[in-house]
Amino acid sequence: MAHEHLRAQYPFFRHTSWWPVLGGALVIAVPLALVWSFSQIAHISLGQLSADLGVSLFRIAVAYCIAAMLGWLAALLLTHGKLGDFLLPVFDLLQSLPAFAILPLAIIYLGRTSFVVIIFLVIEIIWPIIFTVVSAVKHADRDIEGAVTMSQVRRADYWRYYLIPLTLPAFITGSVIGMGEGWEALIATEIIVMTPNGVGAFFNAVAEYPLLTTFGILVVLSVVFAINKLIWLPLLNWSHRISA
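Because the structure is a prediction, the values reported are computed rather than measured. (Residues numbered from 1 in each chain as written. Predicted model: local features only at pLDDT ≥ 70, side-chain atom pairs only at ≥ 80, totals over all residues. Heavy atoms only, no water.)

Quick look at the overall build of the protein
Now for step 1: The helix and strand inventory of the protein stands at 11 helices and zero strands.
Now for step 2: Going from the N terminus to the C terminus, the protein shows its helices and strands as α-α-α-α-α-α-α-α-α-α-α.
Now for step 3: Here the protein holds 244 residues, and the buried ones make up 39% of them.
Now for step 4: Within the protein, contacts between residues at least 6 apart in sequence are counted, and of these 74% link residues at least 24 apart. (Helix = DSSP H or I, 4+ residues; strand = E, 2+ residues; numbered from the N terminus. Buried < 20%, exposed > 50% of the residue type's maximum accessible area, 1.4 Å probe, protein only. Contact = heavy atoms within 4.5 Å.)

Next up, the structure:
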């Protein structure tokens, strides 16, 4: 009765669906509950577990920012002129090279540091961004592109009203794919580099306990799902709206 009274008296309550709010709350609450439960089961302090997760989140966030900037600029370079025609197959070849094959050399020369982890995350994340953006530009409507070129708009307007809306959905899609590969590479790289902190350090510590390892994977998956649901999915929907 009280709920119906609120709907009748206030338009906000009358027209608002609470399911998205409830769903968002659950997306946030479930990973937090799993992290707390895991800390209790594994007898690890919640502060230490949160710190390890935070370090890994920081590493992948820094790597993504670098990969996003370099990947988008590289993609635009690959879509124009003879230099792009030359570099595109080169980049395609580089994408196929197993990055982990040179990881031991990086450890020898750069040490077991976060810098090495971030470098290899950039390598994993950047390729989907580059090639999805390249594909978007290559398959753009030639009539619209010709009209924009003939109109001789200012460079700033060309980027703002044509190039950014054109490539943004592909950029976000490539980011989602790249971050998926980045999370996989993050744990593997931290384990190989043997960093003293981070998610990989945790999995190294519990490698002899299959149940704890499985629970830890579930915790990581819940965090990745929450990030995708709360950040990437809204960004993807927004990018399609502004490019329509």
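A look at the layout of surface pockets
Now for step 1: Computed from the structure, the largest pocket encloses a volume of approximately 240 Å³.
Now for step 2: Every residue lining the largest pocket is listed: Leu94, Gln95, Leu97, Pro98, Ala99, Ile102, Ile123, Glu124, Trp127, Pro128, Ile177 and Glu181.
Now for step 3: When residues of the lining of the largest pocket are traced back to their parent elements, those giving at least two are α5 (81-96), α7 (114-138) and α9 (155-193).
Now for step 4: Per-element tally for the lining of the largest pocket: the top contributor is α7, with four residues.
Now for step 5: Here the lining of the largest pocket is built from residues that sort into nine nonpolar, one polar and two charged. (1 Å grid on protein atoms, 1.4 Å probe; cavity = no way out; pocket = protein on both sides within 12 Å on 5 of 7 lines; lining within 4 Å. Points joined across faces, edges and corners; volume = space filled by probe spheres on them. Nonpolar A, V, L, I, M, F, W, Y, C, P; charged D, E, K, R; others polar.)

Here we look at a nonpolar patch on the surface
Now for step 1: On the surface, a nonpolar cluster with roughly 610 Å² of combined accessible area is contributed by Ile28, Leu32, Leu230, Ile231, Leu235, Trp238 and Ile242.
Now for step 2: Top contributing element to the nonpolar patch by residue count: helix α11 (residues 210-243), with five residues.
Now for step 3: Relative to the helices and strands, Trp238 is located in helix α11.
Now for step 4: Owing to a relative accessible area of 38%, Trp238 belongs among the partly exposed residues under this scheme. (Patch = residues over 30% accessible without salt bridge, like charges linked within 9 Å, V, L, I, M, F, W, Y side chains within 5 Å. Areas by Shrake-Rupley, 256 points an atom, 1.4 Å probe, with all protein chains shown as cover. Salt bridge = Lys/Arg side-chain N within 4 Å of Asp/Glu carboxyl O.)

So, the pattern of salt bridges
Now for step 1: Within the structure shown, the criterion is met by one salt bridge.
Now for step 2: Between Glu190 and Arg59 there is a salt bridge whose closest N-O contact spans 2.6 Å. With Glu190 in helix α9 and Arg59 in helix α4 (residues 46-78), the pair connects residues that are 131 residues apart, well separated along the chain. Taken individually, Glu190 and Arg59 each receive the classification buried, so the pair is uniform in this respect.

Focus: α7
Now for step 1: Along its 25 residues, α7 runs 36 Å from first to last C-alpha, staying within 8% of the 36 Å computed at 1.5 Å per residue.
Now for step 2: Bending of α7 peaks at approximately 30 degrees at the position of Ile126, with proline Pro128 no more than four residues after it. (Expected span 1.5 Å × (residues − 1). Bend = angle between axes of the 7 residues up to and from the residue.)

Section: the nonpolar core
Now for step 1: Of all hydrophobic cores here, the largest spans 58 residues; its most connected members are Phe38, Tyr64, Ile125, Ile130 and Phe171.
Now for step 2: Looking at this core, the elements with two or more residues in it are α3 (19-41), α4, α5, α6 (103-110), α7, α9, α10 (199-205) and α11.
Now for step 3: Of all the elements, α7 adds the most residues to this core, at 14 residues.
Now for step 4: The contact partners of Ile125, leaving out residues within four places of it in the chain, are Ile60, Ala63, Tyr64, Ala67, Gly178, Met179 and Gly182. (Core = buried A, V, L, I, M, F, W, Y, C linked by side-chain atoms within 4.5 Å.)

Some words on the side chain of Ser222
Now for step 1: Checked against the element boundaries, Ser222 lands in helix α11.
Now for step 2: With relative accessibility at 10%, the residue Ser222 sits in the buried group.
Now for step 3: In terms of polar contacts, Ser222 uses its side chain to reach the backbone carbonyl oxygen of Val219, at 2.6 Å.
Now for step 4: For Ser222, the contacting residues outside a window of four places in its chain are Pro31 and Leu34. (Polar contact = N/O pair within 3.5 Å; in protein donor to acceptor, adjacent residues only side chain to side chain.)

Notes on the side chain of Ser239
Now for step 1: Structurally, the position occupied by Ser239 is in helix α11.
Now for step 2: A polar atom in the side chain of Ser239 sits 2.7 Å from the backbone oxygen of Leu236.
Now for step 3: Discounting residues that sit within four places of it in the chain, Ser239 has contacts with Leu168, Pro169 and Ile172.

Notes on the environment of Ile60
Now for step 1: With respect to the helices, strands and loops of the structure, Ile60 is situated in helix α4.
Now for step 2: Given the relative accessible area of 3%, Ile60 is considered buried.
Now for step 3: The spacing of Ile60 and Gly182 is 122 residues in sequence and 7.1 Å in space, taken between C-alpha atoms.
Now for step 4: Ignoring sequence-local partners within four residues, the contact set of Ile60 consists of Leu121, Ile125, Met179, Gly182, Trp183 and Leu186.

Things to note about unusual backbone geometry
Now for step 1: One non-glycine residue, Met194, lies in the positive phi region at around 60 degrees.
Now for step 2: Structurally, the position occupied by Met194 is in the loop between α9 and α10.
Now for step 3: Accessibility expressed as a relative area gives 48% for Met194, which makes it partly exposed.

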